[in-house]
Amino acid sequence: GLGGPNNLDQQVYRGIKDGQVDLNLLMTDIDSSLTQREIQLQLLRSNLAEMNLINDRRLAGRPIAHGWQSSAYGMRTDPFTGEQRWHGGIDFAGRLGSDVIAVASGVITWSVEKSGYGKMIEVNHSDGYVTRYAHNQDNIAKLGTVVNKGDVIATMGTSGRSTGPHVHFEVFKNGRVVDPASYIRRTSR
């Protein structure tokens, strides 16, 4: 950071000699002051742009705009067998064909069917984070595509091992599945 008292008044005072203003000195001082302000503004813009990039990569929010949470992370009663089974994600139910959105910017590393998941999208967000969006009706984002936070990447469906329209949302950190709840509750900033 930069700062300090405004020296323009002192500089203008220096430019007065015998009641006469030295316009060249005055203009030089003003030009110098403007150059310093431009440098400060460029640094500020650079810092803001970097903060926006970091924020866009930060996992936050729900993978849907409309719908409700229908199943939590952890042990649950399997809807097909009635037995207690591990559920490694959170399910969000809604209308068939509703938008499924990226919770952070990243690169699509999977955009085809996967056993049990049906049509699935996987996004690598860097810093060790990967998200999965499963049971899609259609995968919109294609393999290798760079997506931004909030982009529509799929439509909600019931492909794979599913009882109705929903998106199964998983978060991986450094290759291990983690509870998505804390990322869902995060705000974007």
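First, a word on what this report is: a plain description of the structure on this page. What you see as residue numbers is a count from 1 along each chain, following the sequence as written. Given that the model is predicted, a residue must reach a pLDDT of at least 70 before its local features are reported, and side-chain atom pairs must reach 80 or more before they are shown or counted; all residues, however, enter totals for whole chains, interfaces and linings. Remark: hydrogens and water are excluded; side-chain values derive from all non-hydrogen atoms of the structure.

### What to know about the packing of aromatic side chains
Then, number 1: Any two rings among Phe, Tyr and Trp, with Trp reduced to its six-membered ring, count as a pair given centres within 6.5 Å; such a pair is stacked if its planes are under 30 degrees apart, edge-to-face if over 60, and tilted if neither. Within the structure shown, the criterion is met by three aromatic pairs.
Then, number 2: Consider the rings of Tyr73 and Trp86, whose centres lie 5.0 Å apart with planes at 80 degrees: the pair is edge-to-face. Of this pair, Tyr73 sits in the loop between strand E3 (68–71) and strand E4 (74–77) while Trp86 sits in strand E5 (residues 84–87), placing them 13 residues apart in sequence.
Then, number 3: The interplanar angle of 75 degrees and the centroid separation of 5.7 Å between the aromatic rings of Tyr129 and Tyr183 together place this pair among those described as edge-to-face. Here the residue Tyr129 occupies a position in strand E10 (residues 129–139), and Tyr183 occupies one in helix H3 (residues 181–185), the gap between them amounting to 54 residues.
Then, number 4: Here, over-ring charges are defined by two tests on the NZ atom of lysine or the CZ atom of arginine: distance to the ring centre within 6 Å, and angle to the ring normal within 35 degrees. Its end group placed over the ring of Tyr117, Arg132 keeps NZ or CZ at 5.4 Å from the ring centre. In this text, helices come from DSSP runs of H or I with a minimum length of four residues, and strands from runs of E with a minimum of two, each type numbered from the N-terminal end.

### A closer look at the pairing of strand E12 (residues 152–156)
Side-chain positions along a regular strand alternate between the two faces of the sheet.
Then, number 1: Exposed residues in this analysis have more than 50% of their type's maximum accessible area, buried residues have under 20%, and partly exposed residues fall in between, with area computed by a 1.4 Å probe over protein chains only. Here E12 lies mainly inside the structure; four of its five residues are buried.
Then, number 2: For two strands to count as paired, DSSP must find a minimum of two bridges between them. Across three bridges, strand E7 (residues 99–101) lies against E12 in antiparallel orientation. Opposite Ile101, over in E12, you have Val152 as the bridge partner.
Then, number 3: For E10 and E12, the ladder comprises three bridges, and the chain directions are antiparallel. The partner of Asn136 across the bridge, within E12, is Met156.

### Notes on the side chain of Glu170
Then, number 1: Residue placement: Glu170 occurs in strand E13 (residues 166–173).
Then, number 2: A residue is classified by how much of its surface remains accessible, and Glu170, at 5% relative accessible area, is buried.
Then, number 3: Each polar contact in these results corresponds to two N or O atoms within 3.5 Å; when the atoms are within protein, one needs to be able to donate a hydrogen and the other to accept it, and residues that are neighboring in sequence are counted only if both atoms are side-chain atoms. Polar side-chain contacts of Glu170 include one of 3.0 Å to the side chain of Tyr117.
Then, number 4: A distance of 2.7 Å separates the side chain of Glu170 from the side chain of His168, its partner in a polar contact.

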